[in-house]
Structures are given as structure tokens and as C-alpha cells.
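As a plain string of letters, each chain reads:
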4 protein chains.
Amino acid sequence: MLKALCMRLAHLGLSAHSVFDMTTPPIASPDLLIASAGPGRFPTVDAICWVARSNGARVLLLTTQPGNGSPASVIAHVPGQTMADDQDGGGVGLGGSRALLPMGSLYEGALFVLFEMVVFRLGEVLDESPEAVRSRHTNLE
Amino acid sequence: MLKALCMRLAHLGLSAHSVFDMTTPPIASPDLLIASAGPGRFPTVDAICWVARSNGARVLLLTTQPGNGSPASVIAHVPGQTMADDQDGGGVGLGGSRALLPMGSLYEGALFVLFEMVVFRLGEVLDESPEAVRSRHTNLE
Amino acid sequence: MLKALCMRLAHLGLSAHSVFDMTTPPIASPDLLIASAGPGRFPTVDAICWVARSNGARVLLLTTQPGNGSPASVIAHVPGQTMADDQDGGGVGLGGSRALLPMGSLYEGALFVLFEMVVFRLGEVLDESPEAVRSRHTNLE
Amino acid sequence: MLKALCMRLAHLGLSAHSVFDMTTPPIASPDLLIASAGPGRFPTVDAICWVARSNGARVLLLTTQPGNGSPASVIAHVPGQTMADDQDGGGVGLGGSRALLPMGSLYEGALFVLFEMVVFRLGEVLDESPEAVRSRHTNLE
């Protein structure tokens, strides 16, 4: 979902890059790193957040488990089941049955909706016309 | 979305691979290639579908625009706006306003829901317990 | 090897993008697409070359098999064994023995050396100091 | 280079996976993680090595800077200039001139040769015929 968000931010004319892409520049102030760790923390996500902060960037972490001590500067609480709690009560399903949205699926769906809302609002704020956004979509596909 | 589906199919214990991954084996009969082309056809998707078919594999194409002459063996019609028709009537938005789900977003959201439903049903058919599925999720993250 | 080249071109301050990255913009004149197809042609490479040309871009194809009718505008002949001819005479190995550099390895090594030479020369032509190049390397690793 | 190695190991019939691929299974004993950190350590490489070790896997780290306290279980010293020391003496170049192989290029080239040698020797040990290796190369390209 973060890759899809990155594409839409680039469509808006922003300088957006995915971590680990070949052309990603070094991060520095006042850049913003957007990270996601549904269950709270992952070793690799922690490492990237720490690198970004130590280079002066701001870090936003999306998670269902705030208060877990992540090195992010801002933590956005996206409520939803993930692998951290999908075994507590049978997940999103009927009592005792197979969960309709197992593991982190509910969280992924929540991110999809959240990112569409953010991109919609950003398009208004930046006053980017739908035509301008569309013209930035790649034709190499 | 196809990458997420591929992960979930692997979680179910199936031999699933993403095109262009380093470890993807050659395709042959009776393999199934699942492709997606919201607006109907892309040159690269056509090329991959053609290679798969000429090597004896079956090809399922997901699209909002059936009847476009794709080389797929089966075409699944997923109704939804894409870049093929997002400029016809202002997209999914109020009259004349900015579309809430521009370009291919609606189609991507539809695929998300569809794939979750398919994976849920497959889990039942294959009788894979949630615990078995969960145990196949990588810890390298 | 093309991904490594793309990184080095970005280090030189050029606007370089990998095909299929999330942030890759549409291609147009006077952009240059650099493609590689050791054995001559691949369906996906042909498709991307064709899209690039039909959008006004120039296309450079690196291959060991020139004269194969690729849609590229310029074809650079990089001599070297690939999967197109590694079964002719035992490959790069002693008579009858296992090839030291099987399949496309020799071609990949040749591209490595070629790209380093190109990047070295480009650095001189663009007068980019080693310090400037180095400062563009990502710290998110 | 690690991705190319991963492909060749899969060609040899081994169960090989790239970290961050969609279909990568969880790591456990007696799996082997092969990591590379030319300059010695990277936060993300450290994190992955640590996860692998705490799940019972063995970890091999390739680096030009042994003795840097990496969490790997075995460290292979690949001599060669990287970004850790490319500014000490002008790099691989004539006195005072631009380095022919700047930053980590020399290390990357050394890995290329090393991996080809390892794959050649592995092919002999596993007694995998060139034809069998070749038949595992993907046709989806």
C-alpha cells in the first residue's frame, strides 16, 4: 500500500521515492519518511526510521499498536486487526469460524481507504488538476 | 494488488510466484498466469500473456474492459472505472467535482475485495487452517 | 546490471528511472530508453521498446545478437555468450567441461565493465566531482 | 549482485529466496542467510541478520570491513574498496585523478566474480547438469 501511495504522491508532482528503489536520494531535513508497521514494530522498519531521524528527517509511522516505543517522530493510530492480535478472538469473523480478513488484511484495507482520502485532500490543497495528475502516470507498462 | 495476492497464495501453501522475481521458474502446462489490465490491454501484459499461452499455460486476465482482444484464455470482468473511462463523466465524484477515486483507484479497491474473497474461499477448499497459513508468513521484515 | 546503471546515472545528477518503479514518469521525446536483451529479443523488452518509440523516445538496445529486428532505434553490439548460443560449443570452458560462465554470465560481466566505463566518461563530460556524485547516494540502507 | 546469486542458486535447484520478495518463507534452522555490506554495516542489514539469527538461522556476511561487530555468524572478507575508504587515497585511479571504479564498484565487481566461482563449484558438487540448470530459467521475460 505504501508503494501505491508513493506513486500517487509522484502523480501529484511531489518528489516522492520508495525506500530501496535504485534512484532514491539520501534523506535529510525537512524530508518526511512515511513508514507502516501494522503490528507495531519490525526490525527493518525500526532501522529505516532510525536512519531517517538521525539524518534530520521527520518520520510518520502508521500502526495499529501505538505506544510501542517506535523511533518515529509522529505515530498515526490506524485501528484494525493485524498479526499482533488476530488470534485473540477469532479475528474478523463469526464466532469460531475462519476470519474473513485474516492476519493483516483489515489493516491493509484501512490503509487503502486512508491513502485515497489523503491523496484526494492533497490534490485540493496543491490545486493539481485531474488532468495534470493523469499526465504524470507512466506509459511504460 | 497482484503482489499481495501472490503472497496470500503462497501463504496457502501453493507454489505461487510473481513475474520478474529472481526465483520465478519457467511457466508451463498446467500453470495458471493471473494478469491484470484495468483499462483492457498493456503492451507488457499482452507480451507476458502471450509467452505464457505459447508455453502451454492457462491465462486469466482481470479487466474492466472485456472484449478487447487480449491473448488471455479466460477474461474476468471486474466492473469499475479505470484510466480507460475516468474522463467520461467526471469519474466517481459529484457533478463536475474532483473524483473521489481518480484514475484506477476504484478498480484497485475492487481487486482488493475480490482477492480477499478468493483467498478466503481457497482457504476453505484447501482446508488450510489459519495457523498453518500464518506459519508461512515471513519473519524477515 | 541495468538497475545498477540507473543508480549510477542518478548519482551523476541525471533524471534516471527504472522501468516498473512506482515513481517512473511517462517517457517522451527526447528521453532515452536503455534496454538489454542478451539473446536478442524478449517479448517484454520488445513491448517496452515499442511503447517508448511510439511516444517519441529514442531506444538503445544492448545485445549480443544484432540484426534480429528489434524495434530499438539504435542497437549496441556487446559481444559475449548468452542463452542464445551457450550450447553451441560448450560455452566458455575447456573442451567438453562445464562452462565457467554459463548461460548469460559472460554477457552480464561485459555489461558491468561497459557501464562502469560509460559512467566514468559521463562523470568527466558532466564535470561532476566525485564528492557531488557520492553525496547523491542514498542513506536509507 | 545478491539478487543475481539468488537466481543462480534457484537455477541449481536449491530453495533460494530474496529478502522482501512476496513469496519468501519464514527463515529458521538450518537455513542460511547471505548478506552483503561492503562498508561493514548498514542498519537494515544488521536488522535482517539479527532476525535471522534469533530464529535459528546461520548468517554469512560478505564485507570488506571484517571486525566491525556485525551480528552475522560467519564473516567473509572480500577485499576491495567501498564507500568506507574510497576517499582515503583517490580510490582505484591514477594519483589525484578520478577513480576508475568509484564508491563501491570494485566491491561489486569482486562479488560478481566470487559468486560465479561459487555457483560453478556448487554445480559440480550438486552434480547438476548444465541442461538441468538451464531448464529452470524462467521464460516469463
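Placed above this text is the structure.
As a starting point, this report considers the structure included with it. Because the structure is a prediction, the values reported are computed rather than measured. (Residues numbered from 1 in each chain as written. Chains lettered and ligands numbered in written order. Predicted model: local features only at pLDDT ≥ 70, side-chain atom pairs only at ≥ 80, totals over all residues. Heavy atoms only, no water.)

## What to know about the relation of the copies chain A and chain B
Working step 1: Turning chain A through 180 degrees and shifting it by 0.0 Å along the axis lays it on chain B, with an RMSD of 0.0 Å. On this basis, the relationship between the two copies can be described by a two-fold rotation axis. (Least-squares fit on C-alpha atoms with pLDDT ≥ 70 in both.)

## Let's talk about the interface of chain B and chain D
Working step 1: The interface of chain B with chain D comprises 27 residues on the first partner and 27 residues on the second.
Working step 2: Area buried by chain B at its contact with chain D is led by Met22(B), Asn139(B) and Leu140(B), which between them contribute 34% of it.
Working step 3: For the pair chain B and chain D, the interface holds 6 residue pairs in polar contact (both at pLDDT 80 or more).
Working step 4: For the side of chain B that touches chain D, the elements supplying multiple residues, two or more each, are α1 (2–11) and α2 (43–54) of chain B.
Working step 5: The element contributing the most residues to the side of chain B that touches chain D is α1(B), with 4 residues. (Contact = heavy atoms within 4.5 Å. Buried area = accessible area lost by both parts, 1.4 Å probe. Polar contact = N/O pair within 3.5 Å; in protein donor to acceptor, adjacent residues only side chain to side chain. Helix = DSSP H or I, 4+ residues; strand = E, 2+ residues; numbered from the N terminus.)

## Observations concerning unusual backbone geometry
Working step 1: Of note, the amide linkage connecting Ser29(A) to Pro30(A) takes the cis form, showing an omega dihedral of 0 degrees.
Working step 2: Of note in this structure, Asp127(A) is not a glycine but carries a positive phi near 55 degrees.
Working step 3: Here Asp127(A) lies in the loop between α3 (105–125) and α4 (130–135).
Working step 4: For Met103(B), which is not glycine, the phi dihedral falls at a positive 50 degrees.
Working step 5: Looking at the element boundaries, Met103(B) is found in the loop between β3 (74–77) and α3 (105–125).

## A closer look at the packing of α1(B) against α3(B)
Residues and elements named next belong to chain B.
Working step 1: In contact at an axis separation of 10 Å, α1 and α3 are set at 10 degrees when each is read in the N-to-C sense. Viewed along their axes, α1 and α3 adopt a mutual orientation that is roughly parallel. Contact residues: α1 offers Leu 2, Leu 5, Arg 8 and Leu 9, while α3 offers Phe 115, Glu 116, Val 119 and Leu 122.
Working step 2: Within the contact of α1 with α3, the residues separate by chemical class into 6 nonpolar, no polar and 2 charged. (Axes fitted to C-alpha atoms, helices over the stretch in contact; angles between N-to-C directions. Parallel < 35°, antiparallel > 145°, perpendicular 65-115°, else oblique. Nonpolar A, V, L, I, M, F, W, Y, C, P; charged D, E, K, R; others polar.)

## Details of the environment of Gly40(C)
Residue and element names in this part refer to chain C.
Working step 1: Mapped onto the fold, Gly 40 is located in the loop between β1 (32–36) and α2 (43–54).
Working step 2: Remark: the alpha-carbon pair of Gly 40 and Pro 79, spanning 39 residues in sequence, is separated by 12 Å.
Working step 3: Leaving out residues up to four positions away in the same chain, Gly 40 has contacts with Leu 61, Thr 63, Gln 65 and Asn 68.

## Quick notes on the relation of the copies chain B and chain D
Working step 1: Mapping chain B onto chain D is achieved by rotating through 180 degrees and translating by 0.0 Å along the same axis, at an RMSD of 0.0 Å.
Working step 2: A share of 100% of interface residues in chain B that are also interface residues in chain D marks the association as one of identical surfaces.

## A word on α2(C)
One full turn of an α-helix is made of 3.6 residues, so residues set three or four places apart face in the same direction.
Working step 1: Taking 1.5 Å of rise per residue, 12 residues should cover 16 Å, and α2(C) covers 16 Å from first to last C-alpha, within 8% of that figure.
Working step 2: Residues of α2(C) that are buried make contact with α2 of chain B together with β1 and β2 (58–63) of chain C.
Working step 3: Downstream of α2(C) by one or two residues, Gly56(C) has phi in the positive range, about 90 degrees. (Expected span 1.5 Å × (residues − 1).)

## Some remarks on the side chain of Ser105(D)
Working step 1: By the secondary structure assignment, Ser105(D) is in helix α3 (residues 105–125).
Working step 2: Look at Ser105(D) and you get buried, because its relative accessible area is 0%.
Working step 3: Leave out the neighbours within four places in its chain, and Ser105(D) touches Arg8(C), Phe112(C) and Glu116(C). (Buried < 20%, exposed > 50% of the residue type's maximum accessible area, 1.4 Å probe, protein only.)

## Section: the sheet that holds strand β3 (residues 74–77) of chain C
All names here are of chain C.
Working step 1: The strand order across the open sheet formed by 3 strands is β1-β2-β3, and the pairing between neighbours is parallel. Strand pairing shows two members of the sheet lacking a second neighbour, β1 and β3, which therefore form its edges. Strand after strand, the sheet turns through a mean of 20 degrees between neighbouring axes, direction not considered.
Working step 2: When β1 meets β2, the two strands line up parallel, connected through 5 bridges. Looking across to β2, one finds that Ile 34 is bridged to Leu 60.
Working step 3: Sitting on the sheet, α2 is in contact with β1 and β2, with an inclination near 165 degrees to β1. (Pairing = 2+ DSSP bridges.)

## Things to note about the interface of chain A and chain B
Working step 1: With 31 residues of chain A in contact, the opposing surface of chain B contributes 32 residues.
Working step 2: When chain A packs against chain B, the two sides together hide about 2,700 Å² of surface, and 61% of this comes from carbon and sulfur.
Working step 3: In terms of surface lost to chain B, no three residues of chain A exceed Arg98(A), Arg134(A) and Glu141(A), which account for 29% of the buried area on that side.
Working step 4: If you look at where chain A meets chain B, you find 2 salt bridges.
Working step 5: A salt bridge links Arg134(B) to Asp86(A), with the nearest nitrogen and oxygen atoms 2.9 Å apart.
Working step 6: Where the side of chain A that touches chain B is concerned, the elements lending two or more residues are α1 (2–11), α2 (43–54), α3 and α4 of chain A.
Working step 7: Examining the composition of the side of chain A that touches chain B, we find that 8 residues originate from one element, α3(A), more than from any other.
Working step 8: Residue classes in the side of chain A that touches chain B are distributed as 13 nonpolar, 9 polar and 9 charged. (Salt bridge = Lys/Arg side-chain N within 4 Å of Asp/Glu carboxyl O.)

## Details of helix α3 (residues 105–125) of chain C
Working step 1: The terminal C-alpha atoms of α3(C), which comprises 21 residues, lie 30 Å apart, in line with the 30 Å expected from a rise of 1.5 Å per residue.
Working step 2: Looking at α3(C), one finds that the buried residues are Ser105(C), Tyr107(C), Gly109(C), Leu111(C), Phe112(C), Phe115(C), Glu116(C), Val119(C) and Gly123(C).
Working step 3: Buried positions along α3(C) lie against α1 (2–11), β1 and β2 of chain C together with α1 (2–11) and α3 of chain D.
Working step 4: Two residues or fewer after α3(C) comes Asp127(C), characterised by a positive phi angle close to 55 degrees.

## Description of the sheet that holds strand β1 (residues 32–36) of chain D
Residue and element names in this part refer to chain D.
Working step 1: The strand order across the open sheet built from 3 strands is β1-β2-β3, with neighbouring strands paired in parallel fashion. Two strands close off the open sheet at either side, each with one partner strand: β1 and β3 (74–77). When strand polarity is set aside, the average angle formed by the axes of neighbouring strands in this sheet is 20 degrees.
Working step 2: Bridge count for strand β2 (residues 58–63) against β3 is 4 bridges, and the pairing is parallel. Residue pairing across strands places Leu 62 opposite Ala 76, the latter belonging to β3.
Working step 3: Along the sheet face, α3 touches β1 and β2 and points at about 130 degrees away from the line of β2.

## Looking at the pattern of salt bridges
Residues and elements named next belong to chain B.
Working step 1: Throughout the structure, instances matching the rule amount to 20 salt bridges over all chains.
Working step 2: Between Glu 116 and Arg 8 there is a salt bridge, with its nearest N and O atoms 3.5 Å apart. With Glu 116 in helix α3 and Arg 8 in helix α1, this pair connects stretches of sequence that are 108 residues apart.
Working step 3: Among the residues examined, Arg 8 registers a relative accessible area of 10% and is labelled buried.

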